[in-house]
Amino acid sequence: MQTIDVNYWKNLKIKDALSELSTTENGLSSSEAQKRLSKYGYNEIPEKKQRPIIKFLKTFYGPIPFMLIAVIVISFFLSKDIDAYIVIGLLLFNSIAAFAEEYKADNTLELLKKKLSVSANVIRDGKWQTIAARELVPGDIIRIRMGSIVPADAKIIESNYLSVDQSALTGESLPITAKEGDVIYSSSIIKGGEATALVISTGQNTFFGKTANLVSVARSKTHLESAIMRLIRYLIIIDVGLVAAVIIYALTINEGILTIIPFALLILLASVPVALPAAFTVAMAYGTERLSSKNILITKLESIEEASTMNVVCLDKTGTITKNQLAIEDPIPMTEKTVEEVIKYAAFASRKEDQDQIDLAVLEGVQKYKVDLGDFKVLNFVPFDPNKKLSSATVSIEGTIIEATKGEPNTIMSMCNLNEQQKLYFKDKLLELSKRGFRTVAVAYKRGDDKAWNFVGLIPLNDEPREDSKELISELKNLGLKVKMLTGDNEAIAKEIATRVGIGDKILNVDSLKGKSEDEISDLVIENDGFAGVFPEDKYMIVKALQRKGYHVGMTGDGVNDAPALKQAEVGIAVYNATDVAKNAADIVLTSFGVKAIVDAVKESRSIFERMISYTLMKIAKIMQIAFFLSGAFLVLGFLPISTLQLILMIFLNDIGSITLSTDNEQYSNGPDTWDVKSIFTASFIFSIFLIVEAAILTFVGLNIFKLNHLEFETFLFVIFAVSIEIIKLSIRERKTMWNSWPSIWVSSGLVVSVIISLLLAYFGILMTPISLELILMIVGISMAFLLLTDITKVLAYKHFAEFKDL
């Protein structure tokens, strides 16, 4: 039945289509829907997932695996078979770890995808209910409205007006107007109006079914990762310079090339950031899970980094700052009109099915004020249009045709023939209500073919700020973010709410920006605390204005017309109950009302960023320590002070410990994060100096006081490298004194395990010459002393030098 050509359904009459699918306008029963679900399958396109073995093999492709493979080849060439086998083990471990974390990250993203899946309003068992779009079956009756993504191919059975964007499917650049009997396609976007429709095809049988792929969760490389890879490339350049210097020196003293190749091998090994991909994956996946538990869904992993750099956020007033729980206060009727009449005509222009907050408040007002609506029939209904700022309906009451409308007061008043005295009276009332924080809608009607609208009155609607909004907005400001409020309400209401929640009282009507130059617009946007009379397209202009001045912008939105602004912003935030289109365009989707989720997103994203900075500082410091110290030691001592095998073991153990930094109890920064390569490189260099000096002092003691031979010294240096970088991690991970916060259980465990294994290998002489417990304890003691010295120097440097302010 589903495989019938679409043209067949287009030409079929509505009653025949219902009959063809054995359904009625009252929909299916749950039991029948279940039978059809078993027959047709879920309403989704099965994804072509890559086989696990292919994913695993791809972990051997890339600069890091290639560098390890080069080391393996050189080791075999030099007949260092054991070294080669150890590097093969390291390569396999790296690939297995990367595959495991990638698998975990994919599962995390798949879970997010399910949480962000499109929903559908459907009649089941004679009642309207919301279900996952994947559970739709042919014969279901669905309701779609502006902002919806069409969940399946469907035939319209009732609609007065429906604007549909099918550009992604048909290539048509402009939305089409669909009418009763027309067929609309899965994944189309409803740009205006609403309709009741019959599902005719689902899943693979749709014209272009892409329901499962509506939310993009692509994992592109982050700016942070790209920047760190640039740093690693710089380090490799330094290593090449060091090797070149040693080669030149060796040639001047007639040292053989076979002596130089092992040294180049060691330097190359030291520069391979083996655990880098796994560290990034762990940090992002771990952070995504934490955010999900706080009612924050991430649609793209790189959004975490963008949220950490955000320095201005634009908040919608309704639903984010306020409760979005509207209630009618006493209406203000026109002369010779009654309160009941105001509510009655407003109720005609309202519709429960759309779940619009104002509509619901008006309909609740009918019960509250016991208004008798009489026996009326809705002939035509046009839901609220954010561009026209009104909703309207044509109804028939005992043979009389009446058109009723409600909406933004100035818009409605301009449609009616009010005299100046009446205009002044109601404008004074609007101002008075605005100062008290009320939203207000105006109501009007006309009979039959009348051209003039009759003004009926005003309906005040109370939407109080959330109890925690003021505190949370203050917290956002303390985190270094500029906070701006956007609302479609007038200036008086906007100023009242913005002042009460601590945003500020500098509120400007967005119309004041029209006709000004780009620089003037940017200056006004920055100067003011918020904007009133905002249309969805104005949000895009505000985002661009802030970006021109170098701001990283967070923008909230919920409607289909908010999508351009959400995509343009560095961090598009779809608020709770946002349309499917807004969620699709956003980087972050909130699953709860209010500002708290935004505060949590900022804090958590900054913590993740700080974890990555800590990992980077440690990685670069370690590479610098090994590269510079080995180069100096080779030049001074004339021999390689550590074996390839020992260096590989040390790198392996260190990576096990350092990767746990991705789960550390990192403190979030008090200001927006920035990726400052110079600061990170300089800070890493400072840490490496202490590591190099520590190694140099211990080397002098080991060779001159303890008279260690070559093989003992190799083990001695192995312990120095393994212990010093692990211990100094306690200082690197904290921007303040290391006592400011305790490391996570994973970081502590990784450090202890890595150090203990290193010490046991050295003491028992496993894969190396054993050294005494006295030497081992001396290294640990001096490393602890250098930890304290390093931490004091770090705190002073971070405090007094501007270069480190962004760390």
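The structure under discussion appears in the preceding block.
Remember, predicted model here, so these are calculated numbers, not experimental data.

Chemist: Which residues make up the pairing of strand 17 (residues 482-486), and what are the values?
Modeler: With 4 of 5 residues buried, strand 17 lies mostly within the body of the structure. Taken together, the 5 bridges between strand 9 (residues 312-316) and strand 17 define a ladder with parallel strand orientation. For C314, the partnering residue across the bridge sits in strand 17 and is K484. Where strand 17 and strand 19 (residues 530-532) come together, 2 bridges link them in parallel fashion. Looking at strand 19, one finds that M485 is bridged to G530.

Chemist: Just give me the short version of the pattern of salt bridges, but keep the residues and values in it.
Modeler: Between side chains of opposite charge, a pair can form as their charged atoms come close. Tallying each qualifying case throughout the model produces 26 salt bridges. D316 is paired through a salt bridge with K539; the nearest N and O atoms lie 2.8 Å apart. Highlighted residues: D316 in strand 9 and K539 in helix 20 (residues 536-548), separated in sequence by 223 residues. Exposure class is identical for D316 and K539. Each is buried. The partner of D664 in a salt bridge is R733, and the shortest N-O contact between them spans 2.5 Å. Taken as a pair, D664 in the loop between helix 24 (644-658) and helix 25 (677-705) and R733 in the loop between helix 26 (710-732) and helix 27 (745-764) lie far apart in primary sequence, 69 residues in all. You can call D664 buried: its relative accessible area is 1%. The class of R733 is buried, set by a relative accessible area of 1%. Residues participating in the shared-partner salt-bridge network are R143, E158, E194 and R351.

Chemist: Residues and numbers for the side chain of N311, please.
Modeler: For N311, the position within the fold is in the loop between helix 11 (302-309) and strand 9. Judged by its relative accessible area of 19%, N311 falls in the buried class. Look past the residues within four positions of N311 in its chain and what remains in contact with it is G480, L481, K482, G550, Y551, H552 and P672.

Chemist: Any chance you could break down the side chain of S188 for me, citing the residues and the numbers?
Modeler: In this fold, S188 is placed in the loop between strand 6 (183-184) and strand 7 (189-201). Engagement of the side chain of S188 in a polar contact is seen with the backbone oxygen of Y185, the distance being 2.8 Å.

Chemist: Please give an account of the packing of aromatic side chains that cites residues and values.
Modeler: Evaluation of the coordinates by the stated rule reveals 11 aromatic pairs. Judged by centre distance (5.4 Å) and plane angle (90 degrees), the rings of F56 and F60 are edge-to-face. Ring centres 4.9 Å apart and planes at 65 degrees place the aromatic pair F426 and F455 in the edge-to-face group. Here F426 is found in helix 16 (residues 420-435), whereas its partner F455 is found in strand 16 (residues 454-462), with 29 residues between them in sequence. Across this residue pair, the class does not change: F426 and F455 are buried. An aromatic cluster of at least three residues, connected via ring pairs, comprises Y345, F348, F376 and Y445. We note K344 situated over the ring of Y345; from NZ or CZ to the ring centre the distance is 5.1 Å.

Chemist: Pulling in residues and values, what's your account of a nonpolar patch on the surface?
Modeler: There is a patch of nonpolar side chains on the surface, built from V752, I756, L760, Y763, F764, I766, L767, L773 and L777 and spanning about 850 Å² of accessible area. Elements that contribute at least two residues to the nonpolar patch include exactly helix 27 and helix 28 (773-800). Among the elements that take part in the nonpolar patch, helix 27 stands out by supplying 5 residues, more than any other. According to the relative accessible area criterion, L767 is partly exposed, its value standing at 48%.

Chemist: Could you give an account of the environment of A283, with specific residues and numbers?
Modeler: Within the secondary structure layout, A283 lies in helix 10 (residues 276-292). For A283, a relative accessible area of 1% translates into the label buried. Along the primary structure A283 and S607 are separated by 324 residues, whereas in three dimensions their C-alpha atoms are 9.8 Å apart. Non-local contacts of A283, meaning those with residues more than four positions away in its chain, are made with I608, M612 and S662.

Chemist: Give me the lowdown on the sheet that holds strand 20 (residues 553-557), citing residues and values where you can.
Modeler: In any sheet, the strands associate via hydrogen bonds between backbone groups, in a parallel or an antiparallel arrangement. An order of 8-22-21-20-9-17-19-18 is seen for the 8 strands of this open sheet, with the pairing classed as mixed. Edge positions in the open sheet fall to strand 8 (296-298) and strand 18 (507-509), since each of these has one partner strand only. The mean inter-strand angle of the sheet, taken between neighbouring strand axes irrespective of direction, is 20 degrees. Across the sheet, helix 20 touches strand 9, strand 17, strand 19 and strand 20, and the angle it forms with strand 20 is around 170 degrees.

Chemist: Would you mind going over unusual backbone geometry in detail, with residue names and values included?
Modeler: Residues other than glycine seldom take positive phi values, yet S22 does so here, at roughly 50 degrees. Relative to the assigned elements, S22 resides in the loop between helix 2 (14-20) and helix 3 (30-40). For L767, which is not glycine, the phi dihedral falls at a positive 65 degrees. Along the chain, L767 falls in the loop between helix 27 and helix 28.

Chemist: Describe the nonpolar core, listing the residues and the values that go with them.
Modeler: One recurring pattern in soluble globular proteins is that nonpolar side chains are buried together. One finds M650, F716, L717, F718, V719 and F721 to be the most contacted residues of the largest nonpolar core, which totals 42 residues. Among the elements of the structure, helix 8 (223-252), helix 23 (596-637), helix 24, helix 25, helix 26, helix 27 and helix 28 are those that each provide at least two residues to this core. Tallying contributions element by element places helix 26 first for this core, with 10 residues. Setting aside chain neighbours within four positions, we find L717 in contact with F629, L630, P641, I642 and T699. By size, the runner-up hydrophobic cluster in this structure holds 39 residues, among which are I304, I321, I473 and V483.

Chemist: Would you mind going over the pairing of strand 15 (residues 438-447) in detail, with residue names and values included?
Modeler: Counted residue by residue, strand 15 has 9 buried out of 10 residues, so it is predominantly covered. Pairing of strand 14 (residues 400-407) with strand 15, which is carried by 6 bridges, proceeds in the antiparallel orientation. Following the sheet pairing, A404 is matched in strand 15 by Y445. Two strands pair when backbone bridges link them, and strand 15 and strand 16 are joined in this way by 8 bridges, in the antiparallel orientation. Looking at strand 16, one finds that R439 is bridged to L461. Hairpin geometry of strand 15 and strand 16 is characterised by an intervening segment of 6 residues between the two adjacent antiparallel strands and by a positive phi of about 45 degrees at G448.

Chemist: Describe the environment of S744, listing the residues and the values that go with them.
Modeler: Residue placement: S744 occurs in the loop between helix 26 and helix 27. Assessed through its relative accessible area of 5%, S744 is described here as buried. Along the chain, S744 and L661 lie 83 residues apart, while their C-alpha atoms are 8.4 Å from each other. In this structure, S744 is in contact with T663, D664 and N665, ignoring residues within four places of it in sequence.

Chemist: Pulling in residues and values, what's your account of helix 27?
Modeler: The first and last C-alpha atoms of helix 27 sit 28 Å apart over 20 residues, in line with the 28 Å expected at 1.5 Å per residue. For helix 27, every residue scored as buried is listed here: V747, G750, L751, S754, V755, S758, L759, L761 and A762. In an axial view of helix 27, the angular spread of the buried residues amounts to 160 degrees, which keeps them on one side of the axis. Turned more than 90 degrees off the buried face of helix 27, the exposed positions are I745, W746 and F764.

Chemist: A description of the packing of helix 27 against helix 28 should follow, citing residues and the corresponding values.
Modeler: It is at 10 Å that the axes of helix 27 and helix 28 come closest, and there the two elements cross at 150 degrees. Regarding the angle of helix 27 to helix 28, the classification is roughly antiparallel. In this structure, helix 27 crosses over helix 28, and the sense of that crossing is right-handed. Note on element contacts: helix 28 touches helix 27 through L773, I776 and V780, opposite L759, A762 and Y763.

Reading the values: rules and limits
Residues numbered from 1 in each chain as written. Predicted model: local features only at pLDDT ≥ 70, side-chain atom pairs only at ≥ 80, totals over all residues. Heavy atoms only, no water. Buried < 20%, exposed > 50% of the residue type's maximum accessible area, 1.4 Å probe, protein only. Helix = DSSP H or I, 4+ residues; strand = E, 2+ residues; numbered from the N terminus. Pairing = 2+ DSSP bridges. Salt bridge = Lys/Arg side-chain N within 4 Å of Asp/Glu carboxyl O. Contact = heavy atoms within 4.5 Å. Polar contact = N/O pair within 3.5 Å; in protein donor to acceptor, adjacent residues only side chain to side chain. Phe/Tyr/Trp six-rings, centres within 6.5 Å; stacked < 30°, edge-to-face > 60°. Lys NZ or Arg CZ within 6 Å of the ring centre and 35° of its normal. Patch = residues over 30% accessible without salt bridge, like charges linked within 9 Å, V, L, I, M, F, W, Y side chains within 5 Å. Areas by Shrake-Rupley, 256 points an atom, 1.4 Å probe, with all protein chains shown as cover. Axes fitted to C-alpha atoms, helices over the stretch in contact; angles between N-to-C directions. Core = buried A, V, L, I, M, F, W, Y, C linked by side-chain atoms within 4.5 Å. Expected span 1.5 Å × (residues − 1). Arc of directions from axis to C-beta. Parallel < 35°, antiparallel > 145°, perpendicular 65-115°, else oblique. Left-handed = near helix turned anticlockwise from the far one by under 90°.

Everything listed here is a matter of coordinates, which is why it stays silent on function.
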